[in-house]
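The chain contents come next:
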Amino acid sequence: MSNNKQQFNTQMKKRIYWVLLLLSAVGVVSACILTLTVAMQYSMRQAEQMICDLTDTISESYSYMTQDEYTKMLAHLPDNTRATLITQDGTVLYDSDAAASEMENHLGRPEIQKAMQDGKGEDIRKSATLNTSTYYYAVSLPDGCVLRLSRSYSSIRSMVLNIIPGIAVIMIALFGLALFLSRRLTKWMIRPVERAARALDHDEEGGATYDELTPFVSHIRAQDQQINDQKATLEQERETLGIITNSMREGLLLISKDKNVVSINPSAIQMLTGRKADVYEFQGHNYLIVNRTREMHECVTAALEGNSRDAVFSMCGKIYHVYASPMIRLAEVQGVVVIVLDETQQRLAERSRREFSANVSHELKTPLTSISGYAEMMENGMVSSMDDIRIFSGSIHKEALRLIALIEDIIRLSRIEESPRQTDEMESVDLDELCAAVLESLDPVARKAKVCLHLDGSVPPISGAEAMLSEMVYNLCENAIKYNRPDGDVWVTLTDGDGEVELKVKDTGIGIPEESQMRVFERFYRVDKSRSKQIGGTGLGLSIVKHVVEYHLGRVELDSTLGIGTEIRVYLPK
């Protein structure tokens, strides 16, 4: 253990040392390169300014000298400065570095053209004569000739490069200093860490000279104490129950004969406490801190007496089934095993089936009772005139149609619920054409109800089951017409969104009370039962809409204001 720590400290020292050394080296090299770059740029700017000033000064004396005297003066300029005298047609009269007669016409040179146009011109390029990058500056003389002075950048670079040896010496000295300081800083930085490690090894107080290390060392000490206290318990149960219990969806709780928690898995904590918590919060404590329900207490008490017991209780909106069995060893109860099952979905499904059966029975019984009553009256001769027979027959026919519509909606809804979603059965559906066709088929119904239909917007085709989508749109629009007011409107709007399309059906009808808005998608739910019966509603239209939307992995939203109207928005993936 000591060798491992020593090896770790050595590796840490090396890493810190090399990081500091690398940072120092990068800093020194960067500073030298920056110094050379700045010196080079500064020297070049100074040389360019000197050429400009010298050219302007020499050009002023041109009017007071003959051309021969002027060229002789140009010949006495510094060796690193080249002078050229050029006529208006570009012929070179004089050049200090080359024979003028052998030089080409200079009229096309940029600096010459600028000087002839503006009086002054400058350019930087590679000289064809000297084969080096050169700065050129030209001025126009009184007689139209052009004086041009130039200086090669190679001479400036040579001057700057002469200082490189000195900079190299300074860089080596700085690097040596960085080497020394990196070694000293590494030792200084690692010393408190080594002191803290030695203090932890010998269980001594203090040892951390860095304030940042104090909570770290304290936390390690607290963890060491906690590990030592829990080691005996963890070693008994971790290997046998850890992997199995932590992966179980069912809750598992082990209680000792003195009613303390021996083991509990995360699922049991979530079910019995309604929150997520660490298992150590409960281990070794009375089981009542986990759950205090009467059913739980009765099951555990019975199991401690040697009898198995189960019970059902509700908590946080969930329904749980608890099974408690005694752990018997040598004919003596040593503890209790408690299994907790979440039966919420199962109970809700059973209740939903019971409610559905009751609702179907009720909905079917109502029209059948009416039909039976009318038929019995006609059978017993209580209807004598043809007008009464016609009225009773019409009522029977109306109730029969209602019964047929109800049965068809139930069959439709069951088919949608039971049909697994098959992606290969999806087809490209044009919602624009589909909505237009639905509105056209509902136009007679709308005219009869004095409701105006509107279709707006356009969306690209989507993948879906065309028959289901057509039925969904039909139900939405039919509801908007049925529950509208005379001279009302129904707007169907299609909107293309990011990854989905929106189908919005808005009406100016009677609206839905706020307390009923969350239930209108339930089977057989009607806001106004008398109005629904009058207009022939089955209470399944919006339930079918909801299941069609879910089948297509979409979502539906509803906004309604009583007396103003209702807006239903359906979002379908493309």
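Please refer to the structure higher up on the page.
Residues numbered from 1 in each chain as written. Predicted model: local features only at pLDDT ≥ 70, side-chain atom pairs only at ≥ 80, totals over all residues. Heavy atoms only, no water.

On the surface, a nonpolar cluster with roughly 760 Å² of combined accessible area is contributed by Ile-170, Leu-174, Leu-177, Phe-180, Leu-181, Leu-185, Trp-188 and Met-189. Mapped onto the fold, Ile-170 is located in helix H5 (residues 164-201). (Patch = residues over 30% accessible without salt bridge, like charges linked within 9 Å, V, L, I, M, F, W, Y side chains within 5 Å. Areas by Shrake-Rupley, 256 points an atom, 1.4 Å probe, with all protein chains shown as cover. Salt bridge = Lys/Arg side-chain N within 4 Å of Asp/Glu carboxyl O. Helix = DSSP H or I, 4+ residues; strand = E, 2+ residues; numbered from the N terminus.)

Take unusual backbone geometry next. In this structure, Lys-259 is a non-glycine residue whose phi angle is positive, near 70°. Within the fold, Lys-259 resides in the loop between strand S6 (251-256) and strand S7 (261-264). Of note in the backbone geometry, Lys-450 takes a positive phi value of approximately 60° without being a glycine. Mapping Lys-450 onto the fold places it in the loop between helix H11 (431-448) and strand S12 (451-457).

Here the focus is the packing of helix H12 (residues 466-482) against helix H14 (residues 541-551). Between H12 and H14, the shortest axis-to-axis distance is 9 Å and the interhelical angle comes to 145°. The interaxial crossing formed by H12 with H14 has left-handed handedness. In contact with Met-468, Leu-469, Glu-471, Met-472, Asn-475, Leu-476 and Asn-479 of H12, H14 contributes Gly-541, Leu-542, Ile-544, Val-545, Val-548, Val-549 and Tyr-551. Looking at side-chain class alone, the contact of H12 with H14 contains 10 nonpolar, three polar and one charged residues. (Axes fitted to C-alpha atoms, helices over the stretch in contact; angles between N-to-C directions. Left-handed = near helix turned anticlockwise from the far one by under 90°. Contact = heavy atoms within 4.5 Å. Nonpolar A, V, L, I, M, F, W, Y, C, P; charged D, E, K, R; others polar.)

Turning our eyes to something else, we now look at the pattern of salt bridges. Enumeration over the complete set of coordinates arrives at 19 salt bridges. Ionic pairing is found between Lys-120 and Asp-56, a salt bridge with its closest N-O pair at 3.8 Å. Here the residue Lys-120 occupies a position in strand S3 (residues 120-126), and Asp-56 occupies one in helix H1 (residues 2-60), the gap between them amounting to 64 residues. With a relative accessible area of 46%, Lys-120 lands in the partly exposed category. Given a relative accessible area of 21%, Asp-56 falls into the partly exposed group. Here Arg-109 ties to Glu-104 by a salt bridge, and the two come within 2.4 Å at their closest N and O atoms. (Buried < 20%, exposed > 50% of the residue type's maximum accessible area, 1.4 Å probe, protein only.)

A separate point is the sheet that holds strand S17 (residues 565-573). Strand pairs in the sheet, formed through backbone hydrogen bonds, run parallel or antiparallel to each other. Strands sit in the order S12-S14-S15-S17-S16 across an open sheet of five strands; the sheet is mixed. Two strands in the sheet have a free side with no partner beyond their single neighbour: S12 and strand S16 (555-561). For this sheet the average axis-to-axis angle between neighbouring strands, irrespective of direction, equals 10°. Pairing geometry for strand S15 (residues 500-507) and S17, over seven bridges, is antiparallel. (Pairing = 2+ DSSP bridges.)

Taken in spatial order, the five strands of this open sheet run S7-S6-S10-S9-S8, and their pairing is antiparallel. The sheet is open, and its two edges are formed by S7 and strand S8 (309-315), each paired on a single side. Sheet twist, expressed as the mean angle between neighbouring strand axes with direction ignored, is 20°. Taken strand by strand, helix H7 (residues 266-273) contacts S6, S7, S8, strand S9 (318-329) and strand S10 (332-342), and its axis lies near 90° from that of S6. Relative to S8, helix H8 (residues 294-304) is tilted by about 160°, and along the sheet it contacts S6, S8, S9 and S10.

Pairing analysis gives three bridges linking S6 to S7, with the strands arranged antiparallel. Bridge pairing links Ile-255 to Val-261 in S7. Adjacent in sequence and paired antiparallel, S6 and S7 are bridged by four residues, among which Lys-259 carries a positive phi angle near 70°.

With that out of the way, let us pick up the nonpolar core. Counting 41 residues, the largest nonpolar core has Leu-469, Met-472, Val-473, Leu-476 and Leu-503 as its most contacted members. Where this core is concerned, the elements lending two or more residues are H11, S12, H12, strand S14 (488-496), S15, H14 and S17. It is H12 that contributes the most residues to this core, eight residues altogether. (Core = buried A, V, L, I, M, F, W, Y, C linked by side-chain atoms within 4.5 Å.)

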